[in-house]
Structures are given as structure tokens and as C-alpha cells.
Amino acid sequence: MKKINIEHSVLPGLRIIKTVIALLIVMIISICSGGLLAPYDLAVVAILAMQDDVAKSLKEIKNRIGSTVIGGIFGTIAMAIGYLTNENLLKLLLVPLGIFLILYFCSKLINRKEFIIIACYVFLSITLEEAPEISWIYPIKVMVATIVASIVAMIINLYDPRRKKKVTLYNEK
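Residues numbered from 1 in each chain as written. Predicted model: local features only at pLDDT ≥ 70, side-chain atom pairs only at ≥ 80, totals over all residues. Heavy atoms only, no water.

Q: Just checking my understanding: could you explain the overall build of the protein chain for this structure?
A: Within the protein chain, the secondary structure is distributed over 6 helices and 0 strands. When the helices and strands of the protein chain are listed from N to C terminus, the series reads α-α-α-α-α-α. A buried classification covers 37% of the 173 residues belonging to the protein chain. (Helix = DSSP H or I, 4+ residues; strand = E, 2+ residues; numbered from the N terminus. Buried < 20%, exposed > 50% of the residue type's maximum accessible area, 1.4 Å probe, protein only.)

Q: Looking at this model, I keep getting lost on the pattern of salt bridges. Mind explaining?
A: Oppositely charged side chains may form a pair once their charged atoms are brought near each other. The full count for this structure, using the stated rule, is 2 salt bridges. Note that R112 is salt-bridged to E114, the shortest N-O span being 2.5 Å. (Salt bridge = Lys/Arg side-chain N within 4 Å of Asp/Glu carboxyl O.)

Q: Would you explain helix α2 (residues 39-49) in this entry?
A: Owing to its 3.6 residues per turn, the α-helix aligns residues three or four sequence positions apart on the same side. Along α2, the residues that are buried comprise D41, L42, A43, V45, A46 and A49. Looking at the buried positions of α2, the neighbouring elements they touch are α1 (14-32), α3 (54-84) and α6 (137-158). (Contact = heavy atoms within 4.5 Å.)

Q: Any chance you could explain the side chain of D41 here in plain terms?
A: The topology assignment puts D41 in helix α2. An unpaired buried charge is present at D41: no salt bridge exists, and R64, the closest side chain of opposite charge, is 5.7 Å distant. Dropping the residues within four chain positions of it, D41 is found in contact with V142 and A145. (Lys, Arg positive; Asp, Glu negative; His and termini not counted.)

Q: How should I be thinking about the nonpolar core in this particular structure?
A: The tendency in soluble globular proteins is for nonpolar side chains to be buried side by side. Of all hydrophobic cores here, the largest spans 16 residues; its most connected members are A22, V26, L42, M50, A149, V152 and I156. Taken together, the elements giving at least two residues each to this core come down to α1, α2, α3 and α6. Of the residues forming this core, the biggest block, 6 residues, is contributed by α6. Each residue touching A22, except ones within four places of it in the same chain, is listed here: A46, M50, V152, A153 and I156. Counting 12 residues, the second largest nonpolar core, distinct from the first, contains A78, I102, C106 and A119. (Core = buried A, V, L, I, M, F, W, Y, C linked by side-chain atoms within 4.5 Å.)

Q: Looking at this structure, how should I read the side chain of K18?
A: Relative to the elements of secondary structure, K18 occurs in helix α1. Other than its neighbours up to four places away in sequence, K18 contacts M50, I156, N157 and Y159.

Q: Is there a simple way to think about the environment of G66 in this case?
A: Residue placement: G66 occurs in helix α3. Residues G66 and M143 lie 77 residues apart in sequence; the distance between their C-alpha atoms is 9.4 Å.

Quick look at the structure:
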């Protein structure tokens, strides 16, 4: 019988395993929430939040939550205005205006260009999707899903059997 030597590089790394575990946990949370937390929102955030080290994960999580809140606020305002006027006005005027405001707000007012893509995505998902809920419920659900999946990913990412020292999530003075 011939001996097979599997190289270390073909085995899945710890990040892959942790991503799959985080995904499994958020899918269980989605099922247990009875549809309150959408599996898509949870899964995307869990995958994005799982970076190759804890510091990068924390940065990604902060960016994701911040951009989701910004997109959610702008989207909710646009959706409320759209309900008060009509749907065609929303799509024709408020969507481009909302995207302009997000771009301006993120790049010029708060200087957080890394928020732009996700904020625009959340805004568009609120204003252009056929959300079955009242306008303010959908963004809240997206924001809660972002926070829940971020926490799960961070907890999973904290585990590293090779780590020799304690991990801190803040700068010690």
C-alpha cells in the first residue's frame, strides 16, 4: 500500500474552519428567531467579520455596524418620504438623492469612506426592495442582524489554539 502524504497547505486553515462555525451558529440563530433575523443578512456579516486576526475583525465589525446604521437611517428617511408621496417619486428622485447624501456624508462630513459601499447597499435594499414590513422595521432588523452576526464572528475569532498571549480588544495604557 502506497503512503499518501498530505501537505499542510491543502488542509483547511483555522480561519476557514472558524468562518464555517460562525456561519453554522448564525444559521441556527436565524432559525431560532422565527424569521425575525434573515439568514442572508446574518451570513454575509459573519463571513465579512471573520478576518485573519482579531484586530482586523474588530475593525471590519465597526465598519459594518457604522455603515449599516448610516444606510439604515438614510433609507428609512427616504422610505418614509416615499410613503408620504408616491413610489415613482421615491425611485426617480429620492434614491439618487439618498446615494448622493450618503456619499457626501461618509466622505466629506465624517471622513469614513470605508462606510460608503455597505451604507449604499443597505440604503438600496431598503428603498428598492419589496420589504414586507413597515419601512422602519426592516432597517432595524438589518441592524440587529449585523450586530448579532458580528458578535458571533468576534467570539469565534477570539479562539486560536496557537496564541501564546492574551488578546486585548483595546489599547492598554
